[in-house]
Amino acid sequence: MNRLLLFPALFLLAMLVSCGVSPNDYSEFRQLPAEGWHYDDSLRFNPHIADSVAVGRLVVAVRHNNAYSYRNLWLEVTRHDNSGKIHRDTVNMQLCDRYGRWHGRGFGAEYQYSDTLPGYTRLMRDSSIIVRHVMRVDNLGDVEQIGVTFVASERE
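For the structure given in this document, a descriptive report is provided here. Because the structure is a prediction, the values reported are computed rather than measured.

A closer look at unusual backbone geometry
Residues other than glycine predominantly adopt negative phi, and peptide bonds predominantly adopt the trans conformation. Despite not being glycine, Asp126 has its phi angle at roughly 65 degrees, a positive value. Tracing the backbone through its elements, the reader meets Asp126 in the loop between β9 (121–124) and β10 (128–133). A positive phi is found at Asp142, a non-glycine position, where the angle reads about 70 degrees. With respect to the helices and strands, Asp142 occurs in the loop between β11 (139–140) and β12 (143–152).

Pasting the structure below:
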């Protein structure tokens, strides 16, 4: 009987070990001011990764409330690497459909929506990621947090 229980326990242990977090994975959210996110204010993220270079997917997330006035959110994501190269992406995050139904998940009047940048991103240790909104307003309200997640992969 003990042998019969040993196999499922070993299988479960193997699954847990194989699903571990990479030392190059990174995730961080930044709180935005309650009075709004000014057009000139950029958010700088400094990912801490174990290797000198990691390749993976870069995800940008937004946490907003139910009073957000627009269907989408345009963001500019800029990555500076150690060699001085600048990589810039413009992301159009579709936060709701044309009927006003939010695409993100959340509780009550707060939602979170994420979007993965196309292709793979090469991230270098001590590099930075800068996010700013490029909406046509000077002060963007009802956006509460912006987050950046880097999920390392085996692909090089």
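Remarks on the nonpolar core
Counting residues in hydrophobic clusters, the biggest one holds 31 residues, and the most contacted among them are Trp37, Leu73, Val131 and Ile146. If you tally residues by element for this core, the top one is β12, at 5 residues. Contact partners of Leu73, with chain neighbours within four places excluded, come to Val62, Tyr68, Val91, Asn92, Met93, Leu95, His133, Met135, Leu140 and Ile146.

Regarding the pattern of salt bridges
Applying the stated rule across the entire model yields 5 salt bridges. Among the ionic pairs, Arg30 bridges to Glu28, the shortest N-O distance being 3.0 Å. Classification of Glu28 as partly exposed rests on a relative accessible area of 25%. Of the charged contacts, one joins Arg132 and Glu76 as a salt bridge, the two residues approaching to 2.9 Å between their closest N and O atoms. With a gap of 56 residues between them, Arg132 in strand β10 and Glu76 in strand β5 (residues 72–80) connect regions that are remote in the sequence. Accessibility expressed as a relative area gives 16% for Glu76, which makes it buried.

Considering the packing of aromatic side chains
What the rule picks out here adds up to 2 aromatic pairs. With a centroid separation of 5.7 Å and 70 degrees between ring planes, the pair formed by Tyr68 and Tyr70 is classed as edge-to-face. For Tyr70, a relative accessible area of 34% gives the class partly exposed. For the pair Trp102 and Tyr111, a centre-to-centre distance of 5.7 Å together with 35 degrees between the ring planes defines the contact as tilted. Here the two residues Trp102 and Tyr111 agree in accessibility, since each one is buried. When the ring centre of Tyr120 is taken as origin, the NZ or CZ atom of Arg57, which lies over that ring, is 4.2 Å away. Over the face of the ring belonging to Phe29 we find Arg63, whose NZ or CZ atom lies 3.6 Å from the ring centre.

What about the sheet that holds β10?
Picture the strands of a sheet paired through backbone hydrogen bonds; they go either parallel or antiparallel. Strand order in the open sheet formed by 4 strands is β3-β10-β5-β6, with antiparallel pairing between adjacent strands. Each edge of the open sheet carries a strand with a single partner, namely β3 (43–45) and β6 (86–94). Taking the axes of each pair of neighbouring strands and ignoring which way they run, one obtains an average angle of 20 degrees across the sheet.

A word on the environment of Asp41
When you line up the elements, Asp41 lands in the loop between β2 (37–38) and β3. Residue classification places Asp41 among the partly exposed residues on the basis of a relative accessible area of 38%. Remark: the alpha-carbon pair of Asp41 and Arg132, spanning 91 residues in sequence, is separated by 6.7 Å.

Conventions and cut-offs
- Sequence order sets the numbering: in each chain, residues are counted from 1 along the sequence as written.
- In view of the model being predicted, local features appear only for residues whose pLDDT reaches at least 70, and side-chain atom pairs are presented and counted only at 80 or more, with totals across whole chains, interfaces and linings using the full set of residues.
- Heavy atoms from the whole structure form the basis of all side-chain values; hydrogens and water molecules are not counted.
- By definition, any uninterrupted DSSP run of H or I lasting at least four residues is a helix, any uninterrupted run of E lasting at least two residues is a strand, and each is numbered from the N terminus.
- Remark: nonpolar core denotes a set of buried residues (Ala, Val, Leu, Ile, Met, Phe, Trp, Tyr, Cys) joined through side-chain atoms within 4.5 Å.
- Buried, partly exposed and exposed residues are distinguished by accessible area as a fraction of the type maximum, computed with a 1.4 Å probe on protein chains only: under 20%, between the cut-offs, and over 50%, respectively.
- Whether two residues touch is decided by their heavy atoms; if any such pair falls within 4.5 Å, the residues are in contact.
- Each reported salt bridge corresponds to a side-chain nitrogen of Lys or Arg within 4 Å of a carboxyl oxygen of Asp or Glu.
- Centre distance within 6.5 Å is the pairing criterion for rings of Phe, Tyr and Trp, where only the six-membered ring of Trp is used; planes under 30 degrees apart are then read as stacked, over 60 as edge-to-face, and the remainder as tilted.
- Only lysine NZ and arginine CZ atoms are considered, and such an atom sits over a ring when it is within 6 Å of the ring centre and within 35 degrees of the ring normal.
- Each pair of strands is called paired provided DSSP finds at least two bridges between the two strands.
- A fitted line through C-alpha atoms serves as each axis, taken over the contacting stretch for helices, and the angle formed by two N-to-C directions is quoted from 0 to 180°.

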